[in-house]
Amino acid sequence: MPKPLVIVTGKNGQLGWEINQLCPEYADKYEFVFSGREDLDLLKPETVPAFFEKYRPKYFINCAAYTAVDKAETERESAYNSNAVSVGAIASECSKIDCTLINISTDYVFDGNGIAPYPVSTKANPVNYYGHTKWMGEQLAKENNPKTIVIRTSWVFSEHGNNFVKTMLRLMKERTELKVVSDQTGSPTYAADLAKAILAIINRQESGNGHYGTYHYSNTGIISWFDFAVKIRELAKLNCTLLPIPSSAYPTPARRPVYSAMDTSAIAEDFNLVLLPWESSLANCLKKIMQPE
């Protein structure tokens, strides 16, 4: 009997790459296909049906997205096609073949006016166009396929790809002083931890203990970007002086939510997951980044 096929989009991104690293542990249970833009271009939603004609997956993990938050303010068609229209098309195709869709979304669906971690039931109210497109994608995914799990995550970092941790490491080595925004608050997410969680969720679905709907996932702990940078400096044993600044001193084309910490209790409970503190996951990530080749 053939093994269930798992499609993972965004193979070159942080999360897709981390899922790929875990594949050997699951090789006896699932067959994996990792796709990049050359295989499935979400900028072209009309190409989605042909992709599903070639592959008939049981699980579809959509890690691909248009993630250039500031460019999305002007490149609206590209952001909308990738994050909304194509996600809706993927969900429709999944529904036809009874395929579970796991769609990765973002804390940027919230307006940032909260003062406590957002429950899943919190009304979305994005303050930038990227967040708007991701919110639209969430709705289309769930409308078009009842077997959809939306996972909102935040402040993703990894040893692979571009992210805050790697940027801070580079800049702290290059400069003696660095200014970091201190009035935006949220929770970091180590992509390797999220990758493990997603595969654990698939295992539960496969064993018949499935749940569908919207969930929040991040590492535990709530900090500012400045706090994050301070911990990176400490763990990496660097000497750069860090100066806290307000967001107003670092204007960007797209607004960011001031507070975006999310309540992750539902995903932990429904899928029996243990969420790790951001500090220990950051330490694990830095060990991998800094180990000699």
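Preceding this paragraph is the structure being described.
Cut-offs and rules
- Residues numbered from 1 in each chain as written.
- Predicted model: local features only at pLDDT ≥ 70, side-chain atom pairs only at ≥ 80, totals over all residues.
- Heavy atoms only, no water.
- Phe/Tyr/Trp six-rings, centres within 6.5 Å; stacked < 30°, edge-to-face > 60°.
- Buried < 20%, exposed > 50% of the residue type's maximum accessible area, 1.4 Å probe, protein only.
- Disulfide = S-S within 2.5 Å.
- Axes fitted to C-alpha atoms, helices over the stretch in contact; angles between N-to-C directions.
- Helix = DSSP H or I, 4+ residues; strand = E, 2+ residues; numbered from the N terminus.
- Parallel < 35°, antiparallel > 145°, perpendicular 65-115°, else oblique.
- Left-handed = near helix turned anticlockwise from the far one by under 90°.
- Contact = heavy atoms within 4.5 Å.
- Nonpolar A, V, L, I, M, F, W, Y, C, P; charged D, E, K, R; others polar.
- 1 Å grid on protein atoms, 1.4 Å probe; cavity = no way out; pocket = protein on both sides within 12 Å on 5 of 7 lines; lining within 4 Å.
- Points joined across faces, edges and corners; volume = space filled by probe spheres on them.
- Polar contact = N/O pair within 3.5 Å; in protein donor to acceptor, adjacent residues only side chain to side chain.

A.B. asks: What is the right way to look at the packing of aromatic side chains in this model?
C.D. replies: What describes a pair of aromatic rings is the distance from one ring centre to the other and the angle between the planes of the rings. Tallied over the full model, the rule gives 20 aromatic pairs. Note on F32 and F34: the rings are 6.0 Å apart at their centroids and 20° apart in plane angle, and the pair reads as stacked. The pair F32 / F34 is uniform in exposure class, with both members buried. Within the aromatic cluster, the residues linked to one another by ring pairs are W155, F157, F164, Y190, W225, F228 and W278.

A.B. asks: Would you mind going over the state of the cysteines with me for this structure?
C.D. replies: Throughout this description, disulfide means a covalent bond between two cysteine sulfur atoms. Applying the stated rule across the entire model yields zero disulfides. Left unpaired, C94 is separated from the closest cysteine sulfur, that of C99, by 3.7 Å. For C94, a relative accessible area of 0% translates into the label buried. What makes C99 buried here is its relative accessible area of 0%.

A.B. asks: Please clarify how the packing of helix α3 (residues 76–96) against helix α4 (residues 129–144) should be interpreted in this entry.
C.D. replies: A pair of packed helices is characterised by two quantities: the angle between their axes and the separation of those axes. Where α3 contacts α4, the two axes come as close as 8 Å, and the packing angle between them is 10°. With respect to their mutual orientation, α3 and α4 come out roughly parallel. Here the hand of the crossing between α3 and α4 comes out right-handed. On α4, the residues touching R76, A79, Y80, N83, A84, V85, V87, G88, A91, S92 and S95 of α3 are Y129, Y130, T133, K134, M136, G137, L140, A141 and N144. For the contact of α3 with α4, the residue count by class is eleven nonpolar, seven polar and two charged.

A.B. asks: So what exactly am I meant to see when it comes to empty space enclosed by the protein here?
C.D. replies: Over the atoms rolls a probe the size of a water molecule, and its path tells where empty space is left. For the coordinates displayed, the defined rule picks out one cavity of 30 Å³ or more. Computed from the structure, the largest cavity encloses a volume of approximately 30 Å³. Lining of the largest cavity is provided by D107, Y108, W155, Q184, T185, W225, P257 and S260. Of the residues that constitute the lining of the largest cavity, the class distribution is four nonpolar, three polar and one charged.

A.B. asks: So what exactly am I meant to see when it comes to the side chain of N83 here?
C.D. replies: Residue placement: N83 occurs in helix α3. For N83, a relative accessible area of 2% translates into the label buried. In this structure the side chain of N83 is engaged in a polar contact, spanning 2.8 Å, whose partner is the backbone nitrogen of Y66.

A.B. asks: It is not clear to me how the environment of V120 should be interpreted in this structure. Could you clarify?
C.D. replies: Its location among the elements puts V120 in the loop between β4 (100–106) and α4. V120 sits 51 residues away from V69 along the chain, and the two C-alpha atoms are 22 Å apart. If near-sequence neighbours (up to four positions away) are discounted, V120 is found in contact with R152, T214, Y215 and H216.

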